[in-house]
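Structure at a glance
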Amino acid sequence: MEDTGIGLWGVPLAILAGAIRVSTPFIFVSLGESMTERSGRINLGLEGTLVFGAMTAYAVAVMTGSPWLGVLAAMAAGAVFGLIHGWICKFPKVNDIAIGIAMMQFGLGLAFFLGKSFIQPVAPRLPSIPLGGWSDLPQIQSALNINVLFVIGALLAVALWWAFRNTRVGLILRVVGDSSDAARAMGLNPDTVRLLATAAGGSFAAVGGAYLSLYYPGSWNEGISSGQGLMAVALVIFARWNPIGCFLAALLFGGAGALGPALQSVGVTQGYYLFYAAPYVLTLAILVATSSPTRSLAGAPGALSITK
Amino acid sequence: MTIEANTPSLSQLSASNGNVRPILEWIARRAEPVAISLGAILAGLALFSIFIAVVGKSPIELFKLMYTGGFGSWFSIQNSLSRAAPLLLTALCVALPARLGLVIIGGEGAVVLGGVAAAAAALPLTGSVSPIIVLPVMAIAGMLMGGIWIGMAGLLRHYRGVNETIASLLLAYIAIALMNHVIEGPLRDPASLNKPSTAPLPPEYLLGNIPGMDVNWGLVIGILACILSWILIEATSFGFAARIAGGNVRAAQIQGLPVGRLIVGFTALAGSFAGLAGMIEVAAVQGSANASLAAGYGYTGILVAFLARHNPLAVIPVAILLGGIDASGGLIQRRMGLPDATVLVLQGTLFVVILLCETLYGRFKIFNPDLWKTPALKGGTV
């Protein structure tokens, strides 16, 4: 590799770096949502959970000085949001999609309300691992400066993939998700399993929010999320409820999100705002390409309302 | 759902013991949604009061201010009505597809693009063409654009099986990016420095106020749209077919109803209402298309529609109520030192509680004449 600048190579490098940086919230939200959806319920409210998690993590990190305590607090808050969602959905005639929309608005409102006083102070950031030390190029060094949460997310994806297939808990989750009746016949209570799966999904989503406020972009404000929580729901469908698929899809989305800034850095400014739409267009295109009006999706949990 | 199916026929009514019973039954069946909705709103307000008390403020003072700011004076009533006007149209964007069983939450995108389309259609015509022609052209452009945008979600739903909730929301994000592109690029008025906008409309091309009020014509248009939508759903065969398809798609298909055309037609109509809201924002409030179009009317409209249980006539009072709550936000912020997000917390609480209360339907004996002590009018023994 020559030292004489990297020219247009900067674009794919910036996209790769962006993919790693931007994808972490997607990874956590989609892993959480894949657990919830595997149990046969959909939580559309993760956008609210994500933003509330971002606020909680930031506030706790400011007050205690420890970003990790912030992450823990966000997980607890996210679990509470998931418990509320799961508890409400337990009642007959309640629509889980509508409740998700309501919880999203509630979570956003509450986060903006409680987070008002934390817009000014600066919180300590989460640490990252400099994996690019072997290179002399500052671009590569910064691109491979990988946050700990990204690594944890990657490991979690593999762990969940393994657990879905090979553990008792994974089997219970899949049975409940495929057929409430079969689960009841096995002596399982589907509502309880879904309640716990939604709570776990909420706490994962809140970690995604903590990454936003404590690492990248690394501040708390009311525009912190640009729909990551919602796109992650679409992403889970694309990934066919497979955790490793979720991880790869999250990288793809992160890369799409980094396209605009990367092109701008090499002087392409035409249609800059259109590149902001890239992740959404990509999501929509993937949904269109992978959905079908006549059959339910391959690998879809049977009890999931969204695929019917 | 099956109110009509349970209602006794006329011959049964005349055979009943006295004239009071049928009237009572009629009232009981229709009182259920009103009573449960009001109960849910009260429960939501109670929860919200607890929250306000926990953060150390007086809920009573808050509700007083909310009343003063929303409906306490002629000035605040006009303010509330102005804020309700776009909500009427964006709520229809949710309520109409909901009758078909679709959850559309991307009305914000149709508002934004409807506004941009209206501005883009008007700008080449201003100066040479009379406002009497330009304003309808703007309305048509806004409605077409909004209709195409939300109709696309319906189209994808029916022909590709794409979930309409997620698709409509993604379309909303794409719409906002498109708007930013247009107002920062091709249609940007070079004179708009800090806040990129299209060139302002000359004053004679603006939609004026209702005579005697400081409220623009958008309110009248919104109320008319609600009434027309109600007639469409309740009194036309098109609306009847939509309600059947919303209840059971298979049954509708077996009956030979054109489910695909119904879905695309309803979503397009819904989107055109939201697009019209965008046009009114441009023609009556902003005077140009700019980022203020994405003010969240599309999202508040979701709440209005759900509170109104997707009944277009009920949308009118609910939109005015939420317009009032919205209007009081500033006063609460100034007098009580609460953040402006207080209104959002209240809206979110109401939304969650109202959906939770859906579970109460059919649980109260008093609303179900079939369970009254004397059996209902089913022709059996008394």
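In what follows, the accompanying structure is described. Please read these numbers as outputs of a predicted model, since none were measured by experiment. (Residues numbered from 1 in each chain as written. Chains lettered and ligands numbered in written order. Predicted model: local features only at pLDDT ≥ 70, side-chain atom pairs only at ≥ 80, totals over all residues. Heavy atoms only, no water.)

**Considerations on the overall build of chain A**
When helices and strands are tallied, chain A shows 13 helices and two strands. Radius of gyration (C-alpha) of chain A: 20 Å, near the 19 Å computed for a compact globule of 308 residues. Considered along the principal axes of its C-alpha atoms, chain A spans approximately 70 × 45 × 35 Å. Evaluated residue by residue, chain A yields a buried proportion of 56% over its 308 residues. Taking contacts inside chain A between residues at least 6 apart in sequence as the whole, the part at least 24 apart equals 76%. Accessible surface for chain A amounts to roughly 12300 Å². Of this, 66% is attributable to carbon and sulfur atoms. Looking at chain A, you have 15 positive and 11 negative side-chain charges, and the mean spots of the two groups are 12 Å apart. (Helix = DSSP H or I, 4+ residues; strand = E, 2+ residues; numbered from the N terminus. Rg over C-alpha atoms; globule rule 2.2 N^0.38 Å. Buried < 20%, exposed > 50% of the residue type's maximum accessible area, 1.4 Å probe, protein only. Contact = heavy atoms within 4.5 Å. Areas by Shrake-Rupley, 256 points an atom, 1.4 Å probe, with all protein chains shown as cover. Lys, Arg positive; Asp, Glu negative; His and termini not counted. Charge placed at Lys NZ, Arg CZ, Asp CG, Glu CD.)

**Things to note about unusual backbone geometry**
Omega for the bond connecting Tyr216(A) with Pro217(A) falls within 30 degrees of zero, at 0°, which places this linkage in the cis form. Within the chain, Arg309(B) stands out as a residue other than glycine whose phi angle is a positive 50°. Since its relative accessible area comes to 32%, Arg309(B) is described here as partly exposed.

**Regarding the pattern of salt bridges**
One pass over the full model with this rule turns up 11 salt bridges over all chains. As a salt-bridge pair, Arg41(A) and Asp191(A) come within 3.8 Å of each other at their nearest N and O atoms. Of the two residues, Arg41(A) is situated in the loop between α1 (10–38) and α2 (46–64) and Asp191(A) in helix α9 (residues 190–214); the sequence distance between them amounts to 150 residues. Given the relative accessible area of 5%, Arg41(A) is considered buried. One salt bridge connects Arg157(B) with Glu164(B), and the closest N-O pair in it is separated by 2.8 Å. (Salt bridge = Lys/Arg side-chain N within 4 Å of Asp/Glu carboxyl O.)

**Thoughts on the interface of chain A and chain B**
Listed as interface residues are 45 residues of chain A and, on the opposing side, 47 residues of chain B. Here chain A and chain B share an interface that buries about 3800 Å² over both sides, 77% of which is from carbon and sulfur atoms. For chain A, the biggest contributors to the area lost against chain B are Gln105(A), Phe113(A) and Tyr273(A); these three give 18% of the whole. In this assembly, chain A and chain B are joined by one salt bridge. Put simply, Asp340(B) and Lys116(A) hold a salt bridge, and the shortest N to O gap is 3.4 Å. Across the contact surface, chain A and chain B share seven residue pairs in polar contact (both at pLDDT 80 or more). (Buried area = accessible area lost by both parts, 1.4 Å probe. Polar contact = N/O pair within 3.5 Å; in protein donor to acceptor, adjacent residues only side chain to side chain.)

**Considering the state of the cysteines**
The final tally for this structure, using the stated rule, is zero disulfides over all chains. Take Cys357(B): it sits in no disulfide, and the sulfur closest to it among the cysteines is that of Cys89(A), at 14 Å. (Disulfide = S-S within 2.5 Å.)

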